[in-house]
Amino acid sequence: MSTQRMTVFKPHTSSYRFLMLGGYVVALALSVMRVAYVSWTPSQRGTLQMGMNLLWIAFWLEETVRLIRMNRAQQKRFLLFHKCEGLFLLASIPCMVLDFPWVLLLKMPYCFSLFDDEKVFQKLANGVVIVLILLFVLPFLHVIAVAFSGPSAIVNIWPVDFDLFSLTYVLGDSAFFRAILNSVLITAIGTLISVFAMTMAAYPLSKKEMPFRRTMMVFFLIVMLFNGGMAPNILLMNSLGLNDTLWSLIFPSVVMVFHLLLIKGFFEDVPAELEESAKLDGAGNYTILFRIIVPVAAPMIATVIFFTAISFWNNINNSILYITSNQAIYPLPMYIKNFLSMNPVDIASNNPTLLSYWNNVKMSYILISILPVLLCYPIIFRYLKNGVAMGAVKG
Amino acid sequence: MKRIVALAVTLIMVLAMTSAYAQVDAFNVYCVATGKTVEEFNADPIAAMIQEQTGYMVKYDQAPADANDAMTAITNIFMSRSDYQAIVVNKNQFYSLLAMDALKDLTPFIETTTNMKEVIGAFGFETASVDGKIYGIPQKDAKKATNMGIAFRQDWLEEYNAANPNASIPVPSEENAYTMSLSNFRTMLAYFKEKVPQGGSAFHVDMNGVMQESILPAFGIHQEWSEVDGKLVYFVNHPNFEAYLTFMESLFDEGLMTYQATADNDGVVKMLQAQLLGAGKVFHWNAAAIEKTDAHELDDTIGYIGVLVADEDFGDLSKVRQFANEGYSLYTVVPKYASDEQTAAVIDWADKKLNADFFLSMVMGKEGETYTMEDGKYYPILPAFDEQKGIADKFMNGTREEDYANYWLCRTRKTQAQDKMFSRTNFMADEAGVKSPISVMSPNTVFDTYFSGAASEVRTALITSMFSSDGRMALKDIQAIWSANSGVEIDTAVNEWYTAWSGKDTFNTVK
Amino acid sequence: MRRSFTLKCACLAEQLRKYGNLFPFYVPAVLFALVFAYIPMLGLVMAFKENPNLLGAPTAIQGILDAKWVGLKHFETIFRNPQFLNAFSNTLIISFLKIAIIFPLPIALAIVMSEMRNRVLKRGLQISMYLPYFLSWAIIGGVFTAILNKNTGMVNNFADLLGFSRMEYVANNDTFRGLLVLTQAWKDLGWSTITYLAAITALDPGLEEAAKMDGASKWQQIRHVVLPGILPTVAVMFILRIGYIMDAGFEQVFVFYSPFVQQNGDILGMYTYRLIRQAALVPQYSLSTAIGLFNSAVALILVLAGNAISRKLFDRGIW
C-alpha cells in the first residue's frame, strides 16, 4: 500500500524543469530591471510590475498545487528537505503586499535541486568564472584601449581615434628602459638574498626542540610589527654610506617575516624520517637543508620566491627615502610616479603636444611596464602549476 | 733684516689684495624637478653658457617631481649633511627650514654683490629675512598676471545669441575686456545644460574649485586675502562671501554645475574637447590642449572669460577686478653646514648670472635665432626656443625682476592658442589685477604654522557643503571651522604685520 | 624544584649539543634584522621626547639627544583630537569589512576551481586572476578612477546604456568603503587563491570519493570533507591577517581619498598623514613616531590574541 502511495510523486519531466528554471531567471531579471526605474515611462513601469506579479502568482500557485497533491507524510518530508520552499510560501504574501521582490531568491535552491547536483555545480561554476574573468580583464582592456587612442576621446574598451603617438613616445624614452633594468636587477638580487636568508632562518625555527626557539620567534615578530620611522632609517642609511646606491633599495626589505613563517610552517610538516635517514647516512646540516628538505618544500619556496619578487618589484618607499640625487637608479614604479607627477607647466614648456596626450601617455607607461611581468608569466605559471599541484601546504 | 721686512710687507699686501675668502671653484646645486633626466640637465647648453660666464664648475641635481617626495629628499639632504652648497626650495619648505634654523645667513655676502642688490626688490628680501638677516635669494614670479580663466564653448554661445536676438549675451571680447556679467553667465550655463548630451554638464569644477578666482571678484572679493576697513581678511570671512556661496550653491542646485573629485584639469580639457562640457576653469597652458591644435591655427569654437563682473558693473571697465599673482615662490638657500668660502662662491655665481646682457642671452637666447621682437614684445622662434631655452627657468637663482616680466611673456606666446587665452584673460591684468599682500609677507611663525591646516579644513568643509545638497552648512558654521583651527590667531598675526607694513598703500594700484 | 631546575639545565645542555650547530643558520636573517630593523628602532625614543630639531642641530643624532623628555604628551595630543576617534573606528570597521568579505572569497573560489571540469575557463581564470597582484596601488588607483569616473567612465557609460542613472563612486561617502573592499578583492584574490588551491590539492582525494559514494550532495561534500582539510592553512593565514588590521591599506586609501569621504574613509594612516604633512610648520617626527608606536602595539596585541584563539579552536598557532 505504501509503495502505491509513493508513486504519486512523479519524477519531473525535462520540460517542467526548464520551465521552472526559465521562469525563475525571467523573474530575477525583472527584479533587477526594476532598479533601473529611473528612465522608464509610467506605462513601461506598469507593464513590468504586471509581469512580475503574474510570475509571482504563477510560482505561488504551482507550489501550492504541488503540495496539495501530496499526502501528509510526503509534505513533511518535502518541507524538511526544502525549507526555503516553505519560507517562500509563507513570506511571499506579505512581501507581495509590501512590494519586495527579492523574496524570489528563496526559490533558488528548489530550482537547482531539480537538476543533477554535479551538472548544476559545473554550470554555476562556469558562470561565476566567466564573470570573474571579465571583471579581471576589462580594466586591462581599458588600459590598452586608452594607450592606443587619440587625445580627449572617451574610451570604453575599444580605442577611439586610433593614434600611436603615446606609444611611440614611451618606447622612445631611454630612461624608461633603464628604469626597467634597474627594477629587474633589484628584484633578482633582492629575491635571492631574501629567500636564501629566510629559508635558512626557518630551518632551526621549525625544530620543536630547538633551544631559544621562542626567543627567536619573538625577535622576528617584533621586526615584523615595529618600525623606527622615516628619520632613523635615513640616518642609518646615511651613516652606512649607502644613500643613493642600489643596495639601499634592497637591504631594508630583505627580512620578510611573513614569508619566514610560511616556510617554517611548511618545514614543520616535512616527515621526520627524511631527515633521520639522511643523518644516519652522515649528512651535515647544510646538506640536509639544501639537498633534501628544500626540494620537498619546493612548492612553498617557489610561492615565496614569487611573493618576494612582487614585493621588491612594486616597492617605492625605499626609493623615496634613500635616493636624493641619483635618479638614474630609480626602479620602474618610482620612475613612472616621478614622470606622472610632473608639473603641467613644465610639460607644456618642454613639449606641448605631450600635454594633450597626457592621459594616453599615462596608460602607455602602465601598459609597457606590465610587459616584462607578462613575459615572465608563462615561466612562473608553469612552475607554479606543477609545483603547487605536488601536494603543497599540508594541513 | 731689511729684506725680511720687505718680504713680509709684500706678503701682507698680497694677502690683503686677494679676497678675504679662499677661492672655491666648484660646487653642487640641488634644483627643482625639470622634467628631463639629470644627464640632460647637466648637458644643457645653458649650463655650459653659465660656466663660461661665471667661471664656476657646477654640478646640478634635481628633486623628484612629486611635492611630498621632494620634501622628503630635501629633508634627507639636511639630515645627512649631503654635499650641496645651494638648494632651491619652495616657499613652504623655506619657512620650514627657517624655523628649524638650518640655513646660513647670507646678508654679509649679498652686501658685496653688484647686480643682485639692485635687481631684486626690497619686498623680496623682506620675505626672506628674519630680524634683518637674509636667509635665501628670493625668486620672483615673473609678472603680475592671472593664470586661469573660464574656457567656454563660444560656438554654442553664438547659437544662443542667434536664437535670442532680443536677449543676446555680449560675447566676451576686447571691448568688454573679456568679462561677462553674473546673470548672463547663469543664462549661458542654463542654455549649455540643454545642449550638453547625457553625462555632460554645463559648468565643471574640480577639487580646487571652491575658490573660483574668476567668479569671486564679481562679488567684491578680489583676492584670497583682501583688505576690508584697513585689515586683511581671509575670503571666507569677507562680508560678501555669503553672496558668493549662495550663487555657487544655486548653480549646483539647478544642476548647472557638476563636481569632479580629482584635481587634474584633464577632466575639464577632455570634456570640453569632446563637447561634453559647456564651461570650466582652465589654466593658460591647458589652452593648447583644448583647442586641439598643434599651435598654428586658432579654434574659434572656444572662447575665454577673464573674470565675471556684477550685473550692475558690466560694461564699466574701471570696475573690473582680477586675481593677480605676483610674489616670491622659490628661494635659493645655503645650508648652515656649508663653509663661508663656498657660500661666497654661490652668491658670486648667482650674482654674475644676473648681469643684464647675460641674463637676456640665458633666458631668451639670440635675436633672430631663438626669438624675435615686435613692438617691444618678444616672440619665440619654435622649435629653436624650446630646444635651447626650454628649461632656462630652472637655471635661475633670482631674476632681473623688471626685465624678466617682459621676457617671460615670450613663453606664453609659444602656441597661438596659449597666447590667445593668456592675452585675453590678462587683458586688463595691469590695471585691474589685485595682488595678495600675503605673497610678500615676511616669515611669520603663527601664519606659517597654522594657515595651511586651517585653510585645508575650511576648504574641505566648503567642498562638502557646496557640492552636496544634503551636506549644506550655514556660513557661520564654516567660519566657525576657521576659528576652531586657530583662525583668530592667524588673523591677529597677519594684521599685526599688515598694519605696520610700509608697502600697505603702494602694493596694489587698485583695491 | 631544584631537581627540575637541574633537569632543565641538563636538558638544555643536551639540546645545545644536539642542535647547537643549527645556530649559524640564523645568521643572515638576524644580521639584516639587527642592522636594518633594530638599530632604526632606537629612534622610537622620539615618541617620548619633544620634537627634535633634526635639520638644524649640529648633527641629527645630537638633535635627538638634546630634545627633552615629555613622557606621554604626544599620545595625549593624538587621542584628544576628535578626528582621531573617527579615524580609529573607520580603521577597525574597514579592516573588519575586508576580512569578513575578502577572507572567505579565495577559499570559496579555490574550492570551486578545484572542482571545475571546464579546462579552458579554468586556465583562463588562473591567468587573468593573478595579473592584478603585480600592479601597485598607484596604477590600480589610476585605472579604477578612470573607469568609475562619473561622466566619462566605462562603468557609468554602461549603466547609462541600460537606463540606470550615473553615479559618483569615488567621491561618495556611502560607496567609499565598498570601493575599498572591491579594489582590494580585485588585487588580492589571485594570490590568496593559490595558497588555498595548493592546500586543497594536497588533500587525499579518496575521502571525497568515499563521501560521494555515500550519497552526499556537492555542498555536503564540500562542507564535511574539504573545509576541515584546509582549516589549518586558513587558521595561519587568518592570524597573520589579523595582525595587519591596523593597516587597513594606507596606500590604497591615499590613492582614492578626497575630503568628501572623510566620515567613512578616514583611516589612521590618512589621519597621521594630514596631521603631519599639512598642519605644522616643521616636520613632526615625534608625533608620527608616537602614532606608529601605537599602531605597532595594537597590532602586537592582536596577533597574540589571534594566536591564542587559533590555539584553542584549531590547535595550531604561529609558533
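Everything numeric in this text was worked out from a predicted model, so none of it was measured. (Residues numbered from 1 in each chain as written. Chains lettered and ligands numbered in written order. Predicted model: local features only at pLDDT ≥ 70, side-chain atom pairs only at ≥ 80, totals over all residues. Heavy atoms only, no water.)

1. Some remarks on helix α6 (residues 104–115) of chain C
(1) Moving on: Between its first and last C-alpha atoms α6 of chain C spans 17 Å; for 12 residues at 1.5 Å apiece the expected length is 16 Å, and the two agree.
(2) Moving on: Buried within α6 of chain C are the following residues: Pro106, Ile107, Leu109, Ala110, Ile111, Met113 and Glu115 of chain C. (Helix = DSSP H or I, 4+ residues; strand = E, 2+ residues; numbered from the N terminus. Expected span 1.5 Å × (residues − 1). Buried < 20%, exposed > 50% of the residue type's maximum accessible area, 1.4 Å probe, protein only.)

2. Topic: the sheet that holds strand β6 (residues 137–140) of chain B
All names here are of chain B.
(1) Moving on: The 5 strands are arranged β2-β1-β3-β17-β6 in an open sheet whose pairing can be described as mixed. The open sheet terminates on both sides in strands that have one partner only, identified here as β2 (57–62) and β6. Each strand axis lies, on average, 20° off the axis of its neighbour in the sheet, ignoring direction.
(2) Moving on: Pairing between β6 and strand β17 (residues 328–333): 4 bridges, direction antiparallel. (Pairing = 2+ DSSP bridges. Axes fitted to C-alpha atoms, helices over the stretch in contact; angles between N-to-C directions.)

3. Description of the interface of chain A and chain B
Reports often express the size of an interface as the amount of accessible area lost when the parts come together.
(1) Moving on: With 35 residues of chain A in contact, the opposing surface of chain B contributes 39 residues.
(2) Moving on: For the pairing of chain A and chain B, the buried interface totals around 3000 Å² over both sides, and the portion due to carbon and sulfur atoms is 55%.
(3) Moving on: The tally of links from chain A across to chain B stands at 3 salt bridges.
(4) Moving on: The closest approach of N and O atoms between arginine 178 of chain A and glutamate 39 of chain B, which form a salt bridge, is 3.4 Å.
(5) Moving on: Summed over the shared surface of chain A and chain B, the number is 7 residue pairs in polar contact (both at pLDDT 80 or more).
(6) Moving on: At the level of secondary structure, the elements contributing two or more residues to the side of chain A that touches chain B comprise α9 (174–205), α11 (230–239), α16 (317–322), α17 (332–340), α18 (344–350) and α19 (352–356) of chain A.
(7) Moving on: Broken down by element, the residue count for the side of chain A that touches chain B peaks at 6 residues, all from α18 of chain A.
(8) Moving on: For the side of chain A that touches chain B, the class distribution of residues is 19 nonpolar, 13 polar and 3 charged. (Contact = heavy atoms within 4.5 Å. Buried area = accessible area lost by both parts, 1.4 Å probe. Salt bridge = Lys/Arg side-chain N within 4 Å of Asp/Glu carboxyl O. Polar contact = N/O pair within 3.5 Å; in protein donor to acceptor, adjacent residues only side chain to side chain. Nonpolar A, V, L, I, M, F, W, Y, C, P; charged D, E, K, R; others polar.)

4. Digging into the packing of helix α9 (residues 154–163) of chain B against helix α10 (residues 182–195) of chain B
Residues and elements named next belong to chain B.
(1) Moving on: At a minimum axis distance of 10 Å, the contact between α9 and α10 shows a crossing angle of 105°. One element, α9, and the other, α10, form an angle in the roughly perpendicular class. Where α9 abuts α10, its residues Trp156, Leu157, Glu159 and Tyr160 lie against Thr187, Met188, Tyr191, Phe192 and Lys195.
(2) Moving on: In the contact of α9 with α10, the residues fall into 6 nonpolar, 1 polar and 2 charged. (Parallel < 35°, antiparallel > 145°, perpendicular 65-115°, else oblique.)

5. A word on the pairing of strand β13 (residues 277–283) of chain B
Residue and element names in this part refer to chain B.
(1) Moving on: β13 sits mainly inside the fold: 7 of its 7 residues count as buried.
(2) Moving on: Strand direction decides the pairing type here: strand β7 (residues 148–153) and β13, joined by 5 bridges, are antiparallel. Counterpart to methionine 148 in the pairing with β13 is phenylalanine 283.
(3) Moving on: Across 3 bridges, strand β9 (residues 201–205) lies against β13 in parallel orientation. Of the residues in β13, the one forming a bridge with phenylalanine 203 is alanine 279.

6. Quick word on the interface of chain C and chain A
(1) Moving on: Every contact between the two is made by 91 residues of chain C and, on the other side, 95 residues of chain A.
(2) Moving on: Summed over both sides, the interface between chain C and chain A buries roughly 8800 Å², with carbon and sulfur atoms accounting for 78% of that surface.
(3) Moving on: Our count for the chain C to chain A interface comes out at 0 salt bridges.
(4) Moving on: Taken together, chain C and chain A are joined by 6 residue pairs in polar contact (both at pLDDT 80 or more).
(5) Moving on: In terms of residues, the side of chain C that touches chain A owes the most to one element, helix α2 (residues 27–41) of chain C, which gives 13 residues.
(6) Moving on: Among the residues making up the side of chain C that touches chain A, the classes are represented as 65 nonpolar, 19 polar and 7 charged.

7. Focus: the pattern of salt bridges
(1) Moving on: Scanning all chains against the criterion turns up 26 salt bridges over all chains.
(2) Moving on: Notably, a salt bridge pairs lysine 337 of chain A with aspartate 66 of chain B, separated by 3.8 Å at the nearest N-O pair. In this pair, lysine 337 of chain A sits in helix α17 while aspartate 66 of chain B sits in the loop between β2 and α4 (67–80), so the two residues belong to two different chains.
(3) Moving on: Taking the relative accessible area as the measure of exposure, lysine 337 of chain A reaches 25% and is therefore partly exposed.
(4) Moving on: The salt bridge partner of arginine 400 of chain B is aspartate 403 of chain B, with a shortest N-O separation of 3.0 Å.

8. Brief notes about the domain arrangement of chain B
Residue and element names in this part refer to chain B.
(1) Moving on: The domain boundaries assigned to chain B delineate domain 1 (2–142 + 327–364), domain 2 (148–220 + 237–325 + 413–437) and domain 3 (439–507).
(2) Moving on: Taking the mean C-alpha position of each, domain 1 and domain 3 sit 34 Å from one another.
(3) Moving on: Counting from both sides, the interface comprises 10 residues of domain 1 and, opposite them, 9 residues of domain 3.
(4) Moving on: Together, the buried faces of domain 1 and domain 3 total about 770 Å²; carbon and sulfur atoms form 63% of this surface.
(5) Moving on: Contact with domain 3 buries surface across domain 1, with Tyr95, Phe123 and Glu126 losing the most and accounting together for 60% of the total.
(6) Moving on: Here domain 1 and domain 3 share 0 salt bridges between them.
(7) Moving on: Seen at the junction of domain 1 and domain 3, the total is 1 residue pair in polar contact (both at pLDDT 80 or more). (Domains from an automatic or database assignment.)

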